[in-house]
Every structure is written in structure tokens, then in C-alpha cells.
Amino acid sequence: MQLPFPEAERPDDAALEKGRLLFAGETEFVKGVVAMDGLPEADRLEVCFAGRSNVGKSSLINALTGRKGLARASNTPGRTQEINFFTAGDLYVVDLPGYGFANAPVAVVAKWQALLKQYLSGRPTLRRVFVLIDARHGAKAVDEEMMTLLDRSAVTFQVVMTKVDKVRGTALEDSLAKTRAALAKHPAAYPELILTSSDKGDGIDVLRAIIATI
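Residues numbered from 1 in each chain as written. Predicted model: local features only at pLDDT ≥ 70, side-chain atom pairs only at ≥ 80, totals over all residues. Heavy atoms only, no water.

A. Region of the structure containing the pattern of salt bridges. In total, this model carries ten salt bridges according to the counting rule given. Across the salt bridge formed by D205 and R10, the nearest N and O atoms sit 2.5 Å from each other. Residue D205 is located in helix α6 (residues 204-212), and its partner R10 is located in the segment before α1 (13-24); the two are separated by 195 residues in the primary sequence. The exposure class of D205 is partly exposed, given its relative accessible area of 28%. The salt bridge involving R123 is made with E46; its shortest N-O contact spans 3.0 Å. Of the two residues, R123 is situated in the loop between α3 (106-122) and β5 (126-134) and E46 in strand β2 (residues 46-51); the sequence distance between them amounts to 77 residues. As far as burial versus exposure is concerned, R123 and E46 are alike and both buried. Here the salt bridges do not stand alone but share partners, grouping D134, R136 and K163 into one network. (Salt bridge = Lys/Arg side-chain N within 4 Å of Asp/Glu carboxyl O. Helix = DSSP H or I, 4+ residues; strand = E, 2+ residues; numbered from the N terminus. Buried < 20%, exposed > 50% of the residue type's maximum accessible area, 1.4 Å probe, protein only.)

Following this line, the structure appears as C-alpha cells:
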């Protein structure tokens, strides 16, 4: 029986090469945006990455681009408080502020949420949001809040499981089952999961190929 939201199949060699080439060139930081009027011109397609604080989003973007210090990885969750734009070939790669950091000031959280809603609903060139879920825990309530926001914004999103090297066997299966159950409630969810490890490099080439062929 086919599982709902199966793991993405490994792309063919042509797609893998297209993904490699997309991220083999210069990847540059463009700007950090704190208000809608600061967004760069919507002159190219873009994909963005969302995830709760400490899910490993910066590490994944660095692994994806092969640039260790491109996105700021921090031991302090919630450090990234801007929408950060990077170029990869003719594509924008967008790093959204981490969500769900309980110790952030209420006013700061409200500002993040307002900016996210405006961006997600008003960016015509946005093709897909990759929602990062920690494989050790599976989807949490705060992740489902983001998924609901994406449903309402009519933006297709795909779940990327991070840190799969940190959990194995039945614990991983339980986490995947929990995530699949959450995804079943969300019409904007793309029906495949991508399993990754930034430390080990697992799934990075698959993610590159998927982005390159969207």
C-alpha cells in the first residue's frame, strides 16, 4: 500500500545534474528585509524555507548552497529576524524568520507574523515553500500553524525533514507518521517528503534537483 506523503524518489541523473549546476555557481546574499517595501523586485522565481527556531534551517541552506557561512547558523534560536534573500543562478532562495521561539518579545513575534503573512500572500513569483520539520520530533503544533497560514495564502509547501541522522528505526518511523498525519489536514501540502541531514549530506542533492525542476 502506498503511504500518504511518501519519501521523494531519487531524481534521475539529468535532474540531479540540473540541481548541481544551479547551486555550483555563485550564491550571494542580496538583502535582509524587515518590511514589504524593502522586498527586491519580483523579477525571478523564488523558493523559500520556513521552520521553527533551532530546526536547522541555516545549516540546511548552507549545505544546499555549499557555502558554509552563507546563512547565519546560531546557537541562539530566533536570531534571524528578517526575510533574507539569496541568489542561486536565476533563482531567489529565501530564508524566512524562524517561528515558535517562546522567549522572543511579544511585539517582535507579532511583527514577524505580520511580515510573513504579507510576504506569503503577496509574492507572485513564490513557487514553493519548504517547511522544515525536525525528524527527532515530527510536526508540532507551531508547524501546523505555519501550514494553515500557507493553506490560507494558497502557497504550495513541501516538508523537508531535517536531522535524519540523529534518529533511526522506529523512532524515525513514528516521527514520519506524526508528520504525515499532520500534513493530511492541509490542502496546500505537496504530497512528498524530503529527508535530509546537513551534517551527513543526506538528501541534499535530491533537494537541489527538486528546486531546479520546479
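Right, picking up where we left off after that structure.
B. A look at the sheet that holds β5. In space, the seven strands of this open sheet follow the order β1-β3-β4-β2-β5-β6-β7, with mixed pairing throughout. The strands lining the two open edges of the sheet, one partner per strand, are β1 (27-33) and β7 (194-195). As judged from the five bridges shared by strand β3 (residues 83-88) and strand β4 (residues 91-95), these two strands associate in the antiparallel manner. Bridge pairing in β4 places T87 opposite Y92. Those strands touched by helix α5 (residues 169-183) are β5, β6 (157-162) and β7, and its axis lies near 165 degrees from that of β6. (Pairing = 2+ DSSP bridges. Contact = heavy atoms within 4.5 Å. Axes fitted to C-alpha atoms, helices over the stretch in contact; angles between N-to-C directions.)

C. Layout of the nonpolar core. In terms of nonpolar packing, the biggest core is built from 39 residues, with L96, Y119, L120, V129, F157 and V159 touching the most fellow members. At the level of secondary structure, the elements contributing two or more residues to this core comprise β2, β3, β4, α3, β5, α4 (141-153), β6 and α5. Each residue touching V129, except ones within four places of it in the same chain, is listed here: C48, A50, L120, L150, V155, T156, F157 and Q158. The next biggest cluster of nonpolar side chains, apart from the first, holds 24 residues, and it includes L22, F23, I194 and I204. (Core = buried A, V, L, I, M, F, W, Y, C linked by side-chain atoms within 4.5 Å.)

D. Inspection of the environment of D13 at higher detail. When you line up the elements, D13 lands in helix α1. Taking the C-alpha atoms as reference points, D13 and A209, 196 residues apart in sequence, are found 9.4 Å from one another.

E. Broad picture of the pairing of β2. Counting buried residues along β2, six of its six residues qualify, which places the element largely inside the surrounding structure. Side chains E46, C48 and A50 project from β2 onto one buried face, and the interleaved V47, F49 and G51 project onto a second face that is buried too. Note: β2 against β4, four bridges, orientation parallel. Following the sheet pairing, E46 is matched in β4 by Y92. As defined by bridge partners, β2 adjoins β5 across six bridges and the pair is classed as parallel. Within β5, the residue paired with F49 across the bridge is F130.

F. Structural view of the packing of α1 against α6. At a minimum axis separation of 7 Å, α1 and α6 run at an interaxial angle of 90 degrees. By the criterion of interaxial angle, the relationship of α1 to α6 is roughly perpendicular. Residues A15, L16, K18, G19, L22 and F23 of α1 touch α6, and the partners they reach there are D205, V206, R208, A209, I211 and A212. Classifying every residue of the contact of α1 with α6 gives eight nonpolar, one polar and three charged. (Parallel < 35°, antiparallel > 145°, perpendicular 65-115°, else oblique. Nonpolar A, V, L, I, M, F, W, Y, C, P; charged D, E, K, R; others polar.)

G. Fine view of α4. In this model α4 runs 19 Å from its N-terminal to its C-terminal C-alpha over 13 residues, within 8% of the 18 Å that 1.5 Å per residue would give. When we look at burial in α4, the residues that qualify are D143, E144, M146, M147, L149, L150, D151 and S153. At its buried positions, α4 is contacted by β2, α3, β5, β6 and α5. Of the residues flanking the end of α4, it is A154, one or two places downstream, whose phi is positive at about 55 degrees. (Expected span 1.5 Å × (residues − 1).)

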